[in-house]
Amino acid sequence: MHVIRAQQVFDGGRFLGPGDVVLDRSSIVSVNAPTEYAADVGVEDLGEVTVLPGLVDAHQHVSWDCSTDIVGWHELHDDEALLERARTNARQSLAAGITTVRDLGGRG
């Protein structure tokens, strides 16, 4: 289990005040007021930020490189390179608060 703590939690309709977003692997288990947790639970305190748990991006091309010749880039690179590009792009999405992505147009 992992906890993300923020000064403000927004649920899409209202601000809830200080809160903890509790994660079990890649799933949000709960959103609640800050509390104490067992010693083995990692708490990542983001400080004075607002979080919006669970944004969804329903149209991404995860393995694309955003160059001017996307198809050419795909043709020149093997599956391992595309996988690495997808990992990088997925990490960037996660850092932006997107927790669910629908990939469109990946090779294979």
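Any chance you could explain the sheet that holds strand β4 (residues 27–32) here in plain terms?
The strands making up a sheet are joined through hydrogen bonds of the backbone, oriented either antiparallel or parallel. Ordered in space as β4-β3-β1-β5, the four strands form an open sheet in which the pairing is mixed. Looking at which strands have only one partner, the edges of the open sheet turn out to be β4 and β5 (42–45). Averaged over all pairs of adjacent strands, the angle between their axes in this sheet comes to 20°, without regard to strand direction. Pairing geometry for strand β1 (residues 2–6) and strand β3 (residues 19–24), over five bridges, is antiparallel.

Just checking my understanding: could you explain the layout of surface pockets for this structure?
Vacant regions in the atomic arrangement are exposed by a probe of water-molecule size rolled over the atoms. Reported here for the largest pocket is a volume of approximately 520 Å³. Together, 20 residues line the largest pocket, and Ile4, Leu23, Leu94, Gly97 and Thr99 are the ones closest to its centre. At the level of elements, β3, β4, α2 (79–95) and β8 (98–103) are the ones that each hand at least two residues to the lining of the largest pocket.

Scoring rules and cut-offs
Residues numbered from 1 in each chain as written. Predicted model: local features only at pLDDT ≥ 70, side-chain atom pairs only at ≥ 80, totals over all residues. Heavy atoms only, no water. Pairing = 2+ DSSP bridges. Helix = DSSP H or I, 4+ residues; strand = E, 2+ residues; numbered from the N terminus. Axes fitted to C-alpha atoms, helices over the stretch in contact; angles between N-to-C directions. 1 Å grid on protein atoms, 1.4 Å probe; cavity = no way out; pocket = protein on both sides within 12 Å on 5 of 7 lines; lining within 4 Å. Points joined across faces, edges and corners; volume = space filled by probe spheres on them.

As far as function goes, none of this settles anything; it's purely spatial.
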